[in-house]
Amino acid sequence: MTVVMVEDLDPSSADAGVAAHYGDPMREQRTLATAVGLVDRSNRDVIAVPGDERASWLHTLTTQHLSDLSPMTGSELLVLSPHGHVEQHAYVTEDGATAWLDTEPGAGPGLLKYLEMMRFFTRVEPRDATGEMAVLSLVGPGAADLFPALAAPRVGAVPGPKFAAGSVPPHATSLYDVQEFEGGLARRVPLGVDLLVPRAARHEVIEKLGVPLAGLWAYEAIRVENRIPRLGWETDHRTIPAEADLIANAVHLDKGCYRGQETVARVHHLGRPPRRLVLLHLDGIATDQPPAQGTPVLLGDREVGFVGTAVRHHELGLVALAVLKRNVADDAELRVGESVASVDAS
């Protein structure tokens, strides 16, 4: 089978290099929502961190509790500024010899630079591994059927949007099970299963799996529906973790010191964050084009937030993830560009 990108993303897009869709974006969305589809996300940057002290070292530098990270386990982490603003977000996958960090396209160099600055005399050797490994995502309720060992979330893990809710300690480390796959790794994540595979073999892996292909437009629609934030889309230079709903999966509230911890603790214990992540419904009457990232959200003539990711969803219509000031009421009459917008309070 030859993988053909029916439509590539705009070369100026941060997501350039992967398929926008394979001919029918709405059908691809329905596949991801009801069955399983494979999304090429090989434009994500990958950092490899081998070395005997990698777990304890990453533990001290990030928001996640990683000192006891065992082989074949994954998680999420943030790197914060001294004032607690989100600078980096990455998934971590530990295979017993290396911690693999995959992050947003273009974010890898900044993350690697920070890690290299913080090495000192620690026995770690971080490197850019984007040319070595690529991320593919199996999205949908059928993803677990392909990896039965990853079907259930790890006991004690903080549930993500697609994980079953239950009696979970509120400050538990968010852990994702991992297993070996085709010379790489398969990692349970909230939307399904992510594959970290040798870049040179990714087309062979896609062909062997035989799963229907879906483009990034479909993936983004499912992500928005599930209110999963994305670094650089639903974050800006002022974002703190609680504003973007990044606490549950990427921040351990009971671990020791890390950069920016004071802000996280203060917001958690003393009050609500100044902004919040919401799902907006756009009327689509004046225009059926999703607004661009960063488009202001207006209440009257006052700017009260910004659009992160806007998509055309197969069931919800025109919707957007947005960051709003905390004091904006759920029933406020908002505008985004030419569209009337309303907060989804569900």
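Residues numbered from 1 in each chain as written. Predicted model: local features only at pLDDT ≥ 70, side-chain atom pairs only at ≥ 80, totals over all residues. Heavy atoms only, no water.

> Run through helix α6 (residues 216–225), naming residues and quoting values.
Extensive coverage of α6 is indicated by the burial of eight of its 10 residues. For α6, the full list of buried residues reads Leu 216, Ala 218, Tyr 219, Glu 220, Ala 221, Ile 222, Arg 223 and Val 224. Taken from the residues just after α6, Arg 227 is the one with a positive phi, measuring 60 degrees. (Buried < 20%, exposed > 50% of the residue type's maximum accessible area, 1.4 Å probe, protein only. Helix = DSSP H or I, 4+ residues; strand = E, 2+ residues; numbered from the N terminus.)

> Before we move on, could you go through helix α3 (residues 108–117) and cite the residues and values that matter?
Among the residues of α3, Gly 108, Leu 111, Leu 112, Tyr 114 and Leu 115 are the ones counted as buried. Mapping the buried residues of α3 onto a view down its axis gives an arc of 160 degrees, with all of them on the same face. Exposed side of α3, more than 90 degrees from the buried face: Pro 109, Lys 113 and Met 117 are the residues found there. Where α3 is buried, its residues meet β4 (45–50), α2 (54–61), β5 (73–80), β6 (86–94), β7 (98–103) and β8 (127–128). (Arc of directions from axis to C-beta. Contact = heavy atoms within 4.5 Å.)

> Which residues make up the pattern of salt bridges, and what values do they have?
Taken as a whole and assessed by the stated rule, the structure comprises 22 salt bridges. Between Lys 208 and Glu 182 there is a salt bridge whose closest N-O contact spans 2.7 Å. With Lys 208 in helix α5 (residues 202–209) and Glu 182 in the loop between β10 (176–181) and β11 (184–189), this residue pair connects regions lying 26 residues apart in the sequence. Note that Arg 230 is salt-bridged to Glu 220, the shortest N-O span being 3.1 Å. In this pair, Arg 230 is assigned in the loop between α6 and α7 (247–250) and Glu 220 in helix α6, connecting sequence segments 10 residues apart. Across the pair, exposure class does not vary: Arg 230 and Glu 220 are buried alike. (Salt bridge = Lys/Arg side-chain N within 4 Å of Asp/Glu carboxyl O.)

> Can you lay out the sheet that holds strand β19 (residues 339–343) for me, pointing to particular residues and giving the numbers?
Reading around the barrel, the six strands line up as β14-β17-β16-β15-β18-β19 and close back on themselves, with antiparallel pairing between neighbours. Direction aside, neighbouring strands of the sheet carry axes that sit 40 degrees apart on average. Taken together, the four bridges between strand β15 (residues 296–299) and strand β16 (residues 302–313) define a ladder with antiparallel strand orientation. Counterpart to Val 297 in the pairing with β16 is Gly 305. Packing of α6 onto the sheet brings it into contact with β14 (275–282), β16 and β17 (317–325), and relative to β16 it is tilted by some 130 degrees. (Pairing = 2+ DSSP bridges. Axes fitted to C-alpha atoms, helices over the stretch in contact; angles between N-to-C directions.)

> Can you lay out the confidence of the model for the chain for me, pointing to particular residues and giving the numbers?
The pLDDT averaged across the chain works out to 91; a share of 91% of its residues lies at or above 70. For residues 1–5, every residue scores under 50 in pLDDT, and the model assigns this stretch 12 contacts once sequence neighbours within four places are set aside. Low pLDDT, under 50, characterises residues 156–172; the predicted model gives this stretch 36 contacts beyond four residues in sequence or across chains. (pLDDT = per-residue confidence, 0-100.)

> Tell me about the nonpolar core, residues and numbers included.
Counting 19 residues, the largest nonpolar core has Leu 38, Leu 138, Phe 147, Phe 181, Val 193, Leu 195 and Leu 209 as its most contacted members. If sequence neighbours within four positions are ignored, Leu 209 has contacts with Leu 38, Leu 138, Phe 181 and Leu 195. In terms of nonpolar packing, the next biggest core, distinct from the first, is built from 18 residues, Leu 58, Leu 69, Leu 77 and Val 79 among them. (Core = buried A, V, L, I, M, F, W, Y, C linked by side-chain atoms within 4.5 Å.)

> Explain the sheet that holds β10 to me, and be specific about the residues and the numbers.
Pairing in this open sheet of 11 strands is mixed, and the strands run β8-β4-β7-β6-β5-β10-β11-β12-β9-β3-β13 from one edge to the other. The strands lining the two open edges of the sheet, one partner per strand, are β8 and β13 (213–214). Pairing analysis gives eight bridges linking β5 to β6, with the strands arranged antiparallel. Its bridge partner lying in β6, Gly 74 is registered against Thr 93. In this fold α3 packs onto β4, β5, β6, β7 and β8, with an angle of close to 20 degrees to the strand it touches most, β4.

> Explain the pairing of β4 residue by residue, including any values.
β4 sits mainly inside the fold: six of its six residues count as buried. Residues Asp 45, Ile 47 and Val 49 line one face of β4 and the alternating positions Val 46, Ala 48 and Pro 50 line the opposite face, and both faces are buried. Relative to β8, β4 is paired through two bridges, and the arrangement is antiparallel. Following the sheet pairing, Ile 47 is matched in β8 by Asp 128.

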